[in-house]
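Listed below are the residues making up each chain.
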Amino acid sequence: MDGSLLLDETGRMLVVAGLIGVVLLVPMMIVGLIVGIVQAATSISEQSLSFVPKLIALMLCIVVFGAAVVELLTSFTAELFDAIGHLGR
């Protein structure tokens, strides 16, 4: 087995995982920052006030970017299985 192929596929896997993480986590972090600023300015420390907007942001991101995430994962998995199939030859 070629070690460079394994390292290339591992690197691609990390890039795909990073892209998916960025798409889902960055909007939640922005919403959390805005809610935190509002909570600090108004002295409200309710935990559900912080959780619910992040949950709504996550659901919105899944609705908007869900098809692209599934397409990215599907194409990566198909290319990975194709690379695995060529190893036996």
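What you see is a predicted model, and the numbers here were worked out from it, not measured in a lab.

Engineer: How should I be thinking about helix H1 (residues 3–42) in this particular structure?
Structural biologist: An α-helix turns once per 3.6 residues; consequently, residues spaced three or four apart project the same way. Compared with an ideal rise of 1.5 Å per residue, which puts 40 residues at 58 Å, H1 spans 56 Å between its outermost C-alpha atoms and is within 8% of the ideal. If you look at H1, its biggest bend is around 30°, right at Val22. Among the residues of H1, those classed as buried are Glu9, Val16, Ile20, Gly32, Val35 and Gln39. Downstream of H1 by a residue or two, Ser43 has a phi angle that is positive, lying close to 60°.

Engineer: What is the right way to read the environment of Glu9 from this model?
Structural biologist: Looking at where Glu9 falls in the secondary structure, it is placed in helix H1. For Glu9, a relative accessible area of 14% corresponds to the buried category. Measuring from C-alpha to C-alpha, the distance between Glu9 and Leu80 comes to 7.4 Å, with 71 residues separating the pair along the chain. Contacts of Glu9, omitting those with residues within four sequence positions, involve Phe76, Leu80 and Ala83.

Rules of the game
- Residues numbered from 1 in each chain as written.
- Predicted model: local features only at pLDDT ≥ 70, side-chain atom pairs only at ≥ 80, totals over all residues.
- Heavy atoms only, no water.
- Helix = DSSP H or I, 4+ residues; strand = E, 2+ residues; numbered from the N terminus.
- Expected span 1.5 Å × (residues − 1).
- Bend = angle between axes of the 7 residues up to and from the residue.
- Buried < 20%, exposed > 50% of the residue type's maximum accessible area, 1.4 Å probe, protein only.
- Contact = heavy atoms within 4.5 Å.

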